[in-house]
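Observations on the three-dimensional arrangement
One letter stands for each residue in the lines below.
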Amino acid sequence: MYRYPVPARNGLHSKGHLIKVIGEGELLLSPDSASVNLGVITEMKELIPAQEQNTIGIKKVINALKTLGIPQNSIQTSDYQIDTEYDYQQGKQLFRGYKVTHLLNVKIDDLSLVGKVVDTAVQNGVNYVSNIQFTLKNKEGFYLQALALALNNASEKAKTIATTLHVTLNPTPSSVVESGSSVQPIHYPAETLAKGFSSTQLEPGQLKVKAVISAEFHYHTTV
């Protein structure tokens, strides 16, 4: 939260002659980028073979994604872990094997490819898909636009109040406090997909970029 003090003008800062308002600015925008986590999960009795098979699987996925035009620098490992798994029978812990999980985070600039990326990955060995997210590359720039709208909204509210009260408003706020902001990405819930899943349809929809401020305006009465 930031506070922006504004210097007084024309000596109008009389104590008690104050209008306080909340300004809101909102933009609805089409996303221009997406990301998705794709995973290969391998379960085997022996650890080394499980790791080797998982490595082969993840390389196959990466190569398949490259054939779609996804550059190498848009594919990166987001998680890699090895878990020991057990079964429980009659209160006893019995070793079942190892689970090797390798997750890739894939960034996609061409939104028309998102569904195809998921389908291609699944067809090439991915058995876990999560956190499909549509977002904006220039979040800060759009937020600044929303912030300007919020300030204009606060000014219009203050003018309306002053006009209704028949008082003279100093149009320059004495203070502005940035009290809230949000850029809401579109998420799709995590899910495990079985092999053979095809024709994934994902609609990006619209993103909401919102800014909220509180502002104070001084006024004086006319005689």
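Above this text you will find the structure in question.
Attention here is on the structure that accompanies the text. (Residues numbered from 1 in each chain as written. Predicted model: local features only at pLDDT ≥ 70, side-chain atom pairs only at ≥ 80, totals over all residues. Heavy atoms only, no water.)

1. Comments concerning the overall build of the protein
When you go through the protein residue by residue, the secondary structure sums to three helices and ten strands. Within the protein, the proportion of its 223 residues that are buried is 40%. Sequence-distant contacts in the protein: of pairs separated by 6 or more residues, those separated by 24 or more amount to 85%. Of the accessible surface of the protein, which amounts to about 12800 Å², a share of 52% is contributed by carbon and sulfur atoms. (Helix = DSSP H or I, 4+ residues; strand = E, 2+ residues; numbered from the N terminus. Buried < 20%, exposed > 50% of the residue type's maximum accessible area, 1.4 Å probe, protein only. Contact = heavy atoms within 4.5 Å. Areas by Shrake-Rupley, 256 points an atom, 1.4 Å probe, with all protein chains shown as cover.)

2. Focus: the nonpolar core
Side chains of nonpolar character tend, in soluble globular proteins, to be buried together. Counting residues in hydrophobic clusters, the biggest one holds 24 residues, and the most contacted among them are Leu38, Leu65, Val106, Ile108 and Val117. If you list the elements that add at least two residues to this core, you get strand S3 (33-44), helix H1 (47-67), strand S5 (92-108), helix H2 (114-123) and strand S6 (128-135). If you tally residues by element for this core, the top one is H2, at five residues. Leave out the neighbours within four places in its chain, and isoleucine 108 touches Ser33, Ala34, Val36, Ile70, Leu113, Val114 and Val117. If you look at the next biggest cluster of nonpolar residues, it comprises 22 residues, including Ala158, Ala162, Ala211 and Ala215. (Core = buried A, V, L, I, M, F, W, Y, C linked by side-chain atoms within 4.5 Å.)

3. Some remarks on the environment of valine 122
Relative to the helices and strands, valine 122 is located in helix H2. Judged by its relative accessible area of 1%, valine 122 falls in the buried class. For the pair valine 122 and leucine 38, spaced 84 residues apart in sequence, the C-alpha to C-alpha distance is 8.5 Å.

4. Here's the deal with H1
Between its terminal C-alpha atoms H1 stretches 31 Å, which fits the 30 Å expected from 21 residues at 1.5 Å a residue. The set of residues buried in H1 consists of Ala50, Asn54, Gly57, Ile58, Val61, Ile62, Ala64 and Leu65. Viewed end-on, H1 has its buried residues packed into an arc of 160°, placing them on one side of the element. More than 90 degrees from the buried face of H1, the exposed residues found are Ile48, Ile56, Lys59 and Thr67. In this fold, the buried residues of H1 make contact with S3, strand S4 (75-89), S5 and H2. Phi turns positive, to about 100°, at glycine 69, one or two residues after H1. (Expected span 1.5 Å × (residues − 1). Arc of directions from axis to C-beta.)

5. Quick look at unusual backbone geometry
For glutamine 90, which is not a glycine, the phi torsion comes out positive at approximately 50°. Within the element layout of this structure, glutamine 90 appears in the loop between S4 and S5. Phi is positive for asparagine 131, which is not a glycine, with a value near 55°. If you trace the backbone, asparagine 131 turns up in strand S6. Residue asparagine 131 is classed as partly exposed on the basis of its relative accessible area of 32%.

6. A word on the pairing of S4
Across a regular strand the side chains alternate sides, sitting on one face of the sheet and then on the other. Here S4 runs beside S5; their pairing, made up of 14 bridges, is antiparallel. Bridge assignment links isoleucine 82 to a residue of S5, and that residue is valine 100. The hairpin formed by S4 and S5 contains two residues between the paired strands, and glutamine 90 there has a positive phi angle of roughly 50°. (Pairing = 2+ DSSP bridges.)

7. Some remarks on the pattern of salt bridges
Within this structure, the stated rule accounts for five salt bridges. Across the pair lysine 20 and glutamate 216 runs a salt bridge whose closest N-O atoms are separated by 4.0 Å. Taken as a pair, lysine 20 in strand S2 (residues 18-29) and glutamate 216 in strand S10 (residues 207-221) lie far apart in primary sequence, 196 residues in all. In this structure lysine 20 comes out as exposed when scored by relative accessible area, which is 60%. Among the salt bridges present, the one from lysine 137 reaches aspartate 109, with a minimum N-O distance of 3.7 Å. In this pair, lysine 137 sits in the loop between S6 and helix H3 (139-165) while aspartate 109 sits in the loop between S5 and H2, placing the two residues 28 residues apart along the sequence. By the burial criterion, lysine 137 is exposed, and aspartate 109 matches it. Via salt bridges that share partners, Glu85, Asp87 and Arg96 belong to a single interconnected network. (Salt bridge = Lys/Arg side-chain N within 4 Å of Asp/Glu carboxyl O.)

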